[in-house]
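# Structural features, examined
Spelled out, the chains give:
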Amino acid sequence: MTDLPTVALIGVGTMGEALLAGALDGGLLPKTLRVQARRRERADELAGRYGVQATTDIAEAVSGAQLVVLAVIPQAVPEVLGEIADHLDEGAVLACIAYGVSLADLQAGLPDHRAVARAMPSLASQVGDGITLLTCADECTEEQIETVTGFFGRSGTVLRLSEQEQTVLEPLSGGGPAYFFYLAAAMVDAGVGRGIPRPEARRLVADALTGAADWMAASDEEPAALIAKVCTPGGPGARRMAVLDERGVPAAVKTALA
Ligand SMILES: NC(=O)c1ccc[n+]([C@@H]2O[C@H](COP(=O)([O-])OP(=O)(O)OC[C@H]3O[C@@H](n4cnc5c(N)ncnc54)[C@H](OP(=O)(O)O)[C@@H]3O)[C@@H](O)[C@H]2O)c1
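Just so you know, these numbers come straight off a predicted model, no measurement behind them.

## Here's the deal with the site of the ligand
- Taken together, 25 residues are adjacent to the ligand, and Gly 13, Met 15, Arg 38, Ala 76 and Ala 98 come closest.
- In the shell around the ligand, the residues fall into 15 nonpolar, 7 polar and 3 charged.

## Looking at the nonpolar core
- Counting residues in each nonpolar core, the largest one holds 55 residues, and the members touching the most others are Leu 9, Val 68, Val 69 and Leu 70.
- Among the elements that line this core, the one with the most residues is helix α1 (residues 14-25), at 5 residues.
- Residue contacts for Leu 70: discarding those within four places in its chain leaves Ile 10, Gly 11, Val 77, Val 80, Leu 94, Cys 96, Ile 97 and Ala 98.

## So, the domain arrangement of the chain
- Entries for the chain in the domain assignment read domain 1 (7-170) and domain 2 (176-257).
- One C-alpha centre belongs to domain 1, the other to domain 2, and the line joining them spans 34 Å.

## Digging into the packing of helix α8 (residues 176-193) against helix α9 (residues 198-218)
- Put simply, α8 and α9 touch, their axes get as near as 9 Å, and they point 140 degrees apart. Taken together, the axes of α8 and α9 lie oblique to each other. With respect to the hand of their crossing, α8 and α9 are arranged in right-handed fashion. Taken together, the residues of α9 that come into contact with α8 (itself represented by Phe 180, Ala 184, Met 187, Val 188, Gly 191 and Val 192) are Arg 198, Ala 201, Arg 202, Leu 204, Val 205 and Leu 209.
- Class assignment of the residues belonging to the contact of α8 with α9 gives a composition of 9 nonpolar, 1 polar and 2 charged.

## Some remarks on the sheet that holds strand β7 (residues 130-136)
- With mixed pairing, 8 strands are arranged side by side in an open sheet as β3-β2-β1-β4-β5-β6-β7-β8. Across the chains shown, the open sheet's two edge strands, defined by having one partner strand only, are β3 (53-55) and β8 (156-160). This sheet shows a mean twist of 25 degrees between the axes of neighbouring strands, independent of strand direction.
- Of the strands in this sheet, β1 (7-10), β2 (33-36), β4 (67-70), β7 and β8 touch α1, which is tilted by about 155 degrees from β1.

Calculation rules
Throughout, a residue's number is its position along its own chain's written sequence, starting from 1. In keeping with the predicted nature of the model, local features appear solely for residues at pLDDT of at least 70, side-chain atom pairs appear and are counted solely at 80 or more, and the whole-chain, interface and lining totals rest on all residues. In this text, near has one meaning. A residue is near a molecule or strand if its C-beta atom, placed using the backbone, is within 6 Å of it. Under the scheme applied here, ten amino acids are nonpolar (Ala, Val, Leu, Ile, Met, Phe, Trp, Tyr, Cys and Pro), four are charged (Asp, Glu, Lys and Arg), and all others, including Gly, are polar. Defined on buried residues, the nonpolar core groups Ala, Val, Leu, Ile, Met, Phe, Trp, Tyr and Cys residues joined through C-beta atoms within 7 Å. Buried, partly exposed and exposed are defined by the number of other C-beta atoms within 10 Å of a residue's own C-beta, namely 20 or more, between the two limits, and 12 or fewer respectively, with C-beta atoms placed from the backbone. Going along the chain from the N terminus, every DSSP run of H or I of four or more residues is numbered as a helix, and every run of E of two or more is numbered as a strand. The contact rule is simple: place each C-beta atom from the backbone, and if two of them lie within 7 Å, those residues are in contact. Residue ranges for the domains trace back to a domain assignment, done automatically or taken from a database. Fitted lines through C-alpha atoms give the axes, limited to the stretch in contact for helices. The angle between two N-to-C directions lies from 0 to 180 degrees. Comment on the angle field: the value is read as roughly parallel under 35 degrees, roughly antiparallel over 145, roughly perpendicular from 65 to 115, and oblique elsewhere. What makes a crossing left-handed is the near helix being turned counterclockwise from the far one by less than a right angle; a clockwise turn instead makes it right-handed. Any two strands are treated as partners once DSSP identifies two or more bridges connecting them.

Next comes the structure, spelled out in structure tokens:
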């Protein structure tokens, strides 16, 4: 992969930092990255930790960058687009990772700029294992698409989709790890309830999670078939799964993700 042109990352919270760490681990050179944080201490911390250029000034971060990645909370997107608009280079592409922000929203916030993209990474990016769902506006050039794909591709796989597909898949992908952590938290608590020390319970649950993920990724079988392999009919595993069914866990998950 060739080195990317200058990338400006605007907003470095949990997801922004995961992308930053993943991109650098994936071989992006720190000198090609500029990050913008609202607080000076945060900017200094990021510069010290990652060796990137860091500023509190949006205009300084954006000017001259070929790719601007917007990683602020969704509610702040319109205001931050307003601050970016006058400083965006003509040939730059802006990719926004905020949940629920459409290409039309981005273009409306940047009246003179059509080259925008909607990206939905996941926190697994920080371990180089994330999938980023990506939709680029029709007005993006091949080179701009390559630039965006190249950046997110540093920390995992990029899946290009139509915007409609992206909207449908977003809850399963970007926030996906949270559902497993939710289950993991309850499993760790259950283990502690059985007298297992918390660190040990946590390690066992993490091992189960990794094993299950690797197995499912390597298998063509549906998750239900994998459950059947783990839980012998009539055995304790099957009885525990029956409790989850009786308590309506699958229906609750479907409702939450609808
Ligand atoms: N977390 C995930 O797994 C995940 C996955 C995919 C997409 N996303 C998207 O990534 C974005 C960031 O999420 P996060 O989890 O990283 O949240 P976070 O840790 O709370 O970080 C939020 C970021 O937004 C900035 N911010 C907050 N209010 C702002 C304002 N009024 N003006 C300018 N900047 C503001 C924060 O700056 P300060 O540090 O200065 O407060 C921080 O950089 C969100 O849009 C979210 O939808 C998150």
